[in-house]
Amino acid sequence: MAYKHKVRKPLIAGNWKMNDLKGDARSLAKSIALETKKIDLNCEVLICPPFTVLSGVKNALWGSNVKLGAQDCSWAENGAHTGDISPVMLKEVGCEYVILGHSERRTDHKETSSMVRSKAKAAHKAGLRTIICIGETLAEREAGLAKEVCEKQIMTSVPKESNGGNTVIAYEPVWAIGTGKTPTPDEVEDMHAFIRSVLVKKLGAMPAVRMRILYGGSMKPSNAEQLLSLKDVDGGLIGGASLKVEDFMSIIKKVK
Ligand code: PGA
């Protein structure tokens, strides 16, 4: 398999967010499993459905190379945490990955970067790989603070024992999520290079070079090829377009 970067296998991850009941989730997962079997994959493929359908989706993916992930987890292993789901529970149901610190969780649930770090530590302990999300708001970008904000988020959200095997970073400018807007290719390339440099500072050269940095925010068939070809862009975290088989497959096929 020929990857763009020999040290990092690209990852295309679908974030289904709070969408799909059992029937639709199973048939979407089945179609993705079927379609991915028909092609030579140049990337790892992951889907992250809501908690309630994880088990059914796992069954639907049986025999395929498509991996399963969740969209959040608790920092605790078990105990008195009403409404929470622990990393061990996710592992038991067949998850290999968990998305943490998505901007919608940072906004809706007031999750801070240090909470994200605690969750990441717990997830790693349970043997899950984490996709840690960072990204600036429009106001922060317009104030020239985008890099400062992302650096702070990385420094605080990413546990110090993170490496390319247990952690993926997703750069998702908040203003690009679900809006159809994206930064220019130059802006994405510049930010991804900056993120890599911050990871070097935090974790050292080797873990940083091996860590995948995904772009997320309105990635779709029409812009995926360009975004995925950029240096230091090691795949995508895809929301809306991951809910349509044709769109998700079209993005997967754009990985070179
Ligand atoms: P979007 O969402 O692709 O719909 O913009 C991406 C995300 O929030 O992960």
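The residue count restarts for each chain, going from 1 along the sequence in the order it is written. With pLDDT at 70 or above as the cut-off, local features in this predicted model cover only qualifying residues; side-chain atom pairs require 80 or more to be listed or tallied, and sums for whole chains, interfaces and linings still use all residues. With hydrogens and water excluded, all non-hydrogen atoms of the structure serve as input to the side-chain values.

1. So, the overall build of the protein
As a reminder of what qualifies: Numbering of helices and strands starts at the N terminus; helices are DSSP runs of H or I of at least 4 residues and strands are runs of E of at least 2. Taken over C-alpha atoms, the radius of gyration is set against a globule rule of 2.2 Å times the number of residues to the power 0.38. Classification of residues uses two cut-offs on accessible area relative to the type maximum, computed with a 1.4 Å probe and protein chains only: under 20% is buried, over 50% is exposed, and between them is partly exposed. Residue contacts are counted whenever heavy atoms from the two residues lie within 4.5 Å of one another. We count Lys and Arg on the positive side and Asp and Glu on the negative side, and we leave His and both chain ends out. The atom standing in for a charge is NZ when the residue is Lys, CZ when it is Arg, CG when it is Asp and CD when it is Glu.
Across its full length, the protein holds eleven helices and eight strands. What you see for the protein is a C-alpha radius of gyration of 17 Å, in line with the 18 Å of a compact globule of 256 residues. Taking the principal axes of its C-alpha atoms as reference, the protein extends roughly 45 × 45 × 35 Å. Evaluated residue by residue, the protein yields a buried proportion of 52% over its 256 residues. Here the contacts in the protein between residues at least 6 apart in sequence split such that 73% fall between residues at least 24 apart. Positive and negative side-chain charges in the protein, numbering 37 and 29 respectively, have mean positions lying 5 Å apart.

2. Comments concerning the environment of Met-155
Relative to the helices and strands, Met-155 resides in helix H7 (residues 146-157). Classification of Met-155 as partly exposed rests on a relative accessible area of 29%. Contact partners of Met-155, with chain neighbours within four places excluded, come to Val-198, Lys-201 and Lys-202.

3. Remarks on H7
Using the following cut-off: Here a helix's expected span is defined as the number of its residues, less one, multiplied by 1.5 Å. Directions are taken from the helix axis to each C-beta atom, and the arc is the one they span.
For H7, with twelve residues, the first-to-last C-alpha span of 16 Å sits near the 16 Å given by 1.5 Å per residue. Within the span of H7, buried status applies to Ala-146, Val-149, Cys-150, Gln-153, Ile-154 and Ser-157. Buried positions in H7, seen along its axis, are confined to an arc of 130° and lie on one side of it. The secondary structure elements touched by the buried residues of H7 are helix H4 (103-108), helix H5 (113-125), strand S5 (129-134), helix H6 (138-142), strand S6 (167-171) and helix H8 (185-203).

4. Quick notes on the sheet that holds strand S4 (residues 97-100)
The strands that make up a sheet pair up through hydrogen bonds in the backbone, lying either parallel or antiparallel. Our working definition: Two strands are said to pair when DSSP picks up at least two bridges between them. Helix axes are fitted to C-alpha atoms over the stretch in contact, other axes to C-alpha atoms as well, and angles between N-to-C directions run from 0 to 180 degrees.
The parallel closed barrel is built from eight strands, whose spatial order is S1-S2-S3-S4-S5-S6-S7-S8. Neighbour-to-neighbour, the strand axes of the sheet open up by a mean angle of 25°, direction not taken into account. Across the face of the sheet, H8 comes into contact with S5, S6 and strand S7 (212-216) while running at roughly 145° to S7.

5. Things to note about the pairing of strand S3 (residues 67-70)
As paired strands, strand S2 (residues 44-48) and S3 are joined by two bridges and run parallel to one another. Bridging across to S3, Leu-46 finds its partner in Lys-67. Two elements, S3 and S4, share two bridges in a ladder whose sense is parallel. Across the sheet, the residue bridging to Ala-70 is Val-98, located in S4.

6. Things to note about unusual backbone geometry
Positive phi outside glycine occurs at Lys-17, with the angle close to 55°. Looking at the element boundaries, Lys-17 is found in the loop between strand S1 (11-15) and helix H1 (22-37). Positive phi, normally seen in glycine, also occurs at Asp-20, with a value near 85°. Looking at where Asp-20 falls in the secondary structure, it is placed in the loop between S1 and H1.

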